[in-house]
Amino acid sequence: MTRPREDGLRAHEYRWALPSVLLGDGSAGGRVRRSTRDWIVDTAMFLFACGLTFFSLVELDAQNQPVPLMAVEQVTGALSCVAVWLRRRWPVGLAVVSAVLSSYLELVGGAAVVALFTVAVHRPFKVSGPITLLNLLTLAPYVVLRPPTDMEKGWAAALGVAAVLTIFAWGIVIRARRQLVWSLRQRADGAAEEAKRLERERIAREMHDVLAHRISMLSLHAGALEFRPDAPAAEIARAAGAIRTNAHLALQDLREVIGVLRHSAPDGEDVVPDRPQPTLADLPALVEECRHAGMDVQLDLRVSGAPEGLGRNLYRIVQEALTNARKHAGAVPVRVVVAGERGKELSVEVSNPLWARPSARIPGAGAGLIGLTERAELAGGRLEHGATPQGEFVVRAWLPWPVETTREDDT
């Protein structure tokens, strides 16, 4: 695998490339692929190093330095400028060599500046700090052995220290900015993935709550026809009609869920299906439907006027609880008690005896009670379920009912 580029990263490369680039844990060496921006940055760095070398050369010519020294300066200066192109592959090595050579040679200064800046940007402080200290230490022999002619040694040393620290600070600021951009991008990607996950769970929960009820009704009526082939024609016609009706409703519900998957609101709100969603006022119709399917359901509805959003959540809880009772408890009597008060909470209790077992259990995925718990928690409430000492299986849910409802609660 090629090493990630250190500059010019495209947006889709931030997730895998930036940790090694910005945190400095990428391996050295290897073939480096440069983008267009990389070539532009590298060319600018090369020209910058050449410009500093050229101005230093003009200054050296004015000082009438010895010919052998000028030859060494020119050769090392040219080689150091060419070595700037290696700053991505070996930034630390280039910085160390240029810093050591700049302790006496002046024309290496351009490459030393570029190398120090590169290390400060692309390596952590534990690496860039010692490199900066090395550059500060190499100022001493240069000032002592080759003091500038137009300023004192103290001023020359102070100017050199200021230049090194400025370059180092500039690189640190750029590195910190890149790390901030990367962390914000990572946070945005994580938030987007979390939003997708929550939306998938919401759709899966809605699909399970709706289709599990319809399909269990189909299974119940089909099972009655299978075990009672000699039933009166009127009962067979009623069961067939119930199968047709529930199959039609199941297809309609499935079409609505698929429509939510295919289309999303431009402002990020939930897409409202064409058909009105059930509320607390639809509980009697749900219970009556279960009775027509052969269940013994008693409804004790002690509350009215609940917000639509709150009533819809409670309706789905009762619907799934009745579906579970129909699948796992057979023809035992089921009691549904709904009570509540505005400003406190809305509660529901669905209970059935455990002493009876169905003749043929309807298969299920076992995710119904998990979905009910998630739905209650998302609504700010809680849900409990399990067997009681009295020999019943009870599902209890409590949902908060605020005094003042919001637009979301009313829809």
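Refer to the preceding data block for the structure.
Numbers given to residues run from 1 along each chain, matching the order in which its sequence is written. Selection of residues for local features in this predicted model requires a pLDDT of at least 70, selection of side-chain atom pairs for listing and counting requires 80 or more, and totals for whole chains, interfaces and linings are taken over all residues. Hydrogens and water molecules were not included; the side-chain quantities draw on all heavy atoms of the structure.

> Lay out the sheet that holds strand β3 (residues 345-353) in plain terms, naming residues and giving numbers.
In this analysis, strands are considered paired if DSSP registers two or more bridges between them. Helix and strand definitions here come from DSSP, where helices need a minimum of 4 consecutive H or I residues and strands a minimum of 2 consecutive E residues; each element is numbered from the N-terminal end. Across the sheet, which stays open at both edges, the 5 strands sit in the order β1-β2-β3-β5-β4 with mixed pairing between neighbours. This sheet does not close on itself; its edge strands, each paired only once, are β1 (296-301) and β4 (382-387). On average, each strand axis in the sheet is inclined to that of its neighbour by 10°, with strand direction left out of account. Taken together, the 6 bridges between β1 and strand β2 (residues 333-340) define a ladder with parallel strand orientation. Within the sheet, the bridge partner assigned to Gln 298 lies in β2 and is Arg 335. The sheet strands contacting helix α10 (residues 283-292) are β1 and β2, and the helix crosses β1 at an angle near 165°. Think of each axis as a best-fit line through the C-alpha atoms, taken over the contacting stretch in the case of a helix, with angles from 0 to 180 degrees between the N-to-C directions. Between two residues, a contact is recorded if the distance between any of their heavy atoms is within 4.5 Å.

> Describe the nonpolar core, naming the residues involved and giving the relevant values.
Among the nonpolar cores identified, the biggest contains 30 residues, and Leu 314, Leu 322, Val 338 and Val 348 are the most heavily contacted of them. At the level of secondary structure, the elements contributing two or more residues to this core comprise α10, α11 (308-328), β2, β3, α12 (368-378) and β5 (392-400). Here this core gets 8 residues from one element, more than from any other, and that element is α11. Apart from the residues lying within four places of it in its own chain, the contact partners of Leu 314 are Leu 280, Leu 283, Val 338, Leu 346, Ser 347, Val 348 and Leu 399. What makes a nonpolar core is a set of buried Ala, Val, Leu, Ile, Met, Phe, Trp, Tyr and Cys residues whose side-chain atoms join them at distances within 4.5 Å. Per-residue accessibility, obtained with a 1.4 Å probe over protein chains only, is compared with the maximum for each type, and a residue is labelled buried under 20%, exposed over 50%, and partly exposed between these values. Ala 49, Val 114, Leu 139 and Val 164 belong to the second largest nonpolar core, which has 18 residues in total.

> Can you explain the packing of aromatic side chains? Please cite residues and give values.
Within 6.5 Å between ring centres, the rings of Phe, Tyr and Trp (the latter by its six-membered ring) count as paired, and their orientation is classed by plane angle as stacked under 30 degrees, edge-to-face over 60, tilted in between. In total, this model carries 5 aromatic pairs according to the counting rule given. For the ring pair Phe 117 and Trp 170, a centre distance of 4.9 Å and an interplane angle of 50° mean the geometry is tilted. Here Phe 117 is found in helix α5 (residues 109-122), whereas its partner Trp 170 is found in helix α8 (residues 153-227), with 53 residues between them in sequence. Taken together, the ring pairs in this structure connect Trp 39, Phe 46 and Trp 85 into an aromatic cluster. Each ring is checked for a lysine NZ or an arginine CZ that lies within 6 Å of its centre and within 35 degrees of its normal; such an atom marks a charge sitting over the ring. Positioned above the aromatic ring of Trp 90, the side-chain terminus of Arg 89 is 5.4 Å from the ring centre. Between Arg 382 and the ring centre of Trp 398, over which it is positioned, the NZ or CZ distance is 4.3 Å.

> Give me the pattern of salt bridges: which residues, what numbers.
Salt bridges, as used here, are contacts in which a Lys or Arg side-chain nitrogen is within 4 Å of a carboxyl oxygen on Asp or Glu. For the structure shown, the criterion picks out 9 salt bridges. The salt bridge involving Arg 197 is made with Glu 194; its shortest N-O contact spans 2.4 Å. Placement of the pair is Arg 197 and Glu 194 together in helix α8, with a separation of 3 residues, close to one helical turn. With a relative accessible area of 33%, Arg 197 lands in the partly exposed category. Judged by relative accessible area, Glu 194 falls into the partly exposed class, the value being 35%.

> Outline a nonpolar patch on the surface, listing residues and values.
For patch detection, residues must exceed 30% relative accessible area and be free of salt bridges, and they are connected within 9 Å for like charges or within 5 Å for nonpolar side chains (Val, Leu, Ile, Met, Phe, Trp, Tyr). Only the protein chains shown count as cover for residues, and the accessible areas themselves come from Shrake-Rupley with a 1.4 Å probe. Judged by side-chain polarity, Phe 54, Phe 55 and Val 58 come together as a nonpolar surface patch covering roughly 340 Å² of accessible area. A residue is classified by how much of its surface remains accessible, and Phe 55, at 61% relative accessible area, is exposed.

> Please set out the packing of helix α4 (residues 91-101) against helix α6 (residues 125-137) residue by residue, giving values where relevant.
Two packed helices can be described by the angle between their axes and the distance between those axes. At a minimum axis distance of 9 Å, the contact between α4 and α6 shows a crossing angle of 15°. Between α4 and α6, the interaxial angle falls into the category roughly parallel. Of the two elements, α4 crosses α6, and the hand of that crossing is left-handed. Residue-level contacts link Val 92, Ala 95, Val 96 and Ala 99 of α4 to Val 127, Ile 131, Leu 134 and Asn 135 of α6. Considering only residue class, the contact of α4 with α6 consists of 7 nonpolar, 1 polar and no charged. Any angle that falls under 35 degrees is termed roughly parallel, while one over 145 is termed roughly antiparallel, one within 65 to 115 roughly perpendicular, and all others oblique. Crossing chirality is assigned from the near helix's rotation relative to the far helix, an anticlockwise turn below a right angle marking it left-handed and a clockwise turn marking it right-handed. Gly falls in the polar group here, along with every residue not listed as nonpolar (Ala, Val, Leu, Ile, Met, Phe, Trp, Tyr, Cys, Pro) or charged (Asp, Glu, Lys, Arg).

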